[in-house]
Amino acid sequence: LVLAGIAYLIQPAAGAPPTGQTAAVTECAVRADPVPGAAESKLPVRPLCALPAEAARTWQLIAADGPFPYDRDGIVFNNRERLLPQQKGGWYHEYTVPTPGSDDRGARRLITGGSPGPRQQVFYTDDHYSSFVVVDIHDFQTMLHVMRG
């Protein structure tokens, strides 16, 4: 009975790689390639996976073109604070990143710049436009491409 208990405790977990193989390690890091918006803005860059989980869910909605939970999602962001690179009107759009426990839209937003695609710029603020980081969405886009087949 003791040996059976030990055998149970040392068996691989369900879904674990077979003995002698290692699981793929997923790293949360900024890619080596230039991240759209980083050079122009001179802002710090963060990978999407390093932001709150709600930011990734909001980005998934943006990538799918909605539906969005807030009626103001997708409106033009005018960059009145001038913390993002200057662009023509209509370049930037804002989307709510829900804040758990908040009874309103909260302060967190994703701001997109330019046309959807690999050169689209994405910025994140958690303090209602007082500061921003550039978001590296590359790994998330790769994951979506793989999931879609």
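Residues numbered from 1 in each chain as written. Predicted model: local features only at pLDDT ≥ 70, side-chain atom pairs only at ≥ 80, totals over all residues. Heavy atoms only, no water.

A. Just the sheet that holds strand 6 (residues 133–136), in detail. As summarised here, the arrangement of the six strands in space is 1-6-5-4-3-2, forming an open sheet in which the pairing is mixed. A single partner strand is all that each edge strand has here, and the edge strands are strand 1 (45–47) and strand 2 (75–77). If you compare each strand with its neighbour and ignore which way they point, the axes differ by 40° on average. Note: strand 1 against strand 6, three bridges, orientation parallel. Bridge pairing in strand 6 places Pro47 opposite Asp136. Its contacts with the sheet put helix 3 (residues 53–63) on strand 3 (92–96), strand 4 (109–113) and strand 5 (121–125), and the angle it makes with strand 4 is roughly 35°. (Pairing = 2+ DSSP bridges. Helix = DSSP H or I, 4+ residues; strand = E, 2+ residues; numbered from the N terminus. Axes fitted to C-alpha atoms, helices over the stretch in contact; angles between N-to-C directions. Contact = heavy atoms within 4.5 Å.)

B. Structural view of the nonpolar core. Core analysis: the largest hydrophobic core is formed by 13 residues, its most contacted members being Leu48, Trp59, Leu110, Tyr124 and Val135. Looking at this core, the elements with two or more residues in it are helix 3, strand 5 and strand 6. For this core, the element with the most residues is helix 3, which contributes three residues. With near-sequence residues (within four places) excluded, Tyr124 lies in contact with Leu51, Pro52, Ala55, Val97, Arg108, Arg109, Leu110, Ser131, Phe132, Val133 and Val135. (Core = buried A, V, L, I, M, F, W, Y, C linked by side-chain atoms within 4.5 Å. Buried < 20%, exposed > 50% of the residue type's maximum accessible area, 1.4 Å probe, protein only.)

C. Just helix 3, in detail. Within the sequence span of helix 3, burial applies to Glu54, Ala55, Thr58, Trp59 and Ile62. The arc enclosing the buried residues of helix 3, seen along the axis, measures out at 140°, which places them on a common side. Asp65 sits one or two residues past helix 3 and shows a positive phi near 60°. (Arc of directions from axis to C-beta.)

D. Layout of the confidence of the model for the protein chain. Overall, the prediction assigns the protein chain a mean pLDDT of 82, with 75% of residues at 70 or greater. Contacts for the low-pLDDT stretch residues 1–25, under 50 throughout, to residues beyond four places or in other chains number two contacts. (pLDDT = per-residue confidence, 0-100.)

E. Structural detail: the pairing of strand 5. Of all five residues making up strand 5, five are buried, and the element is well covered by its neighbours. Side chains Gln121, Phe123 and Thr125 of strand 5 all project onto a buried face; the interleaved residues Val122 and Tyr124 project onto the opposite face, where all are buried too. Bridge analysis of strand 4 against strand 5 gives five bridges, and the strand direction is antiparallel. Bridge assignment links Ile111 to a residue of strand 5, and that residue is Phe123. Here strand 5 runs beside strand 6; their pairing, made up of two bridges, is antiparallel. For Tyr124, the partnering residue across the bridge sits in strand 6 and is Val133.

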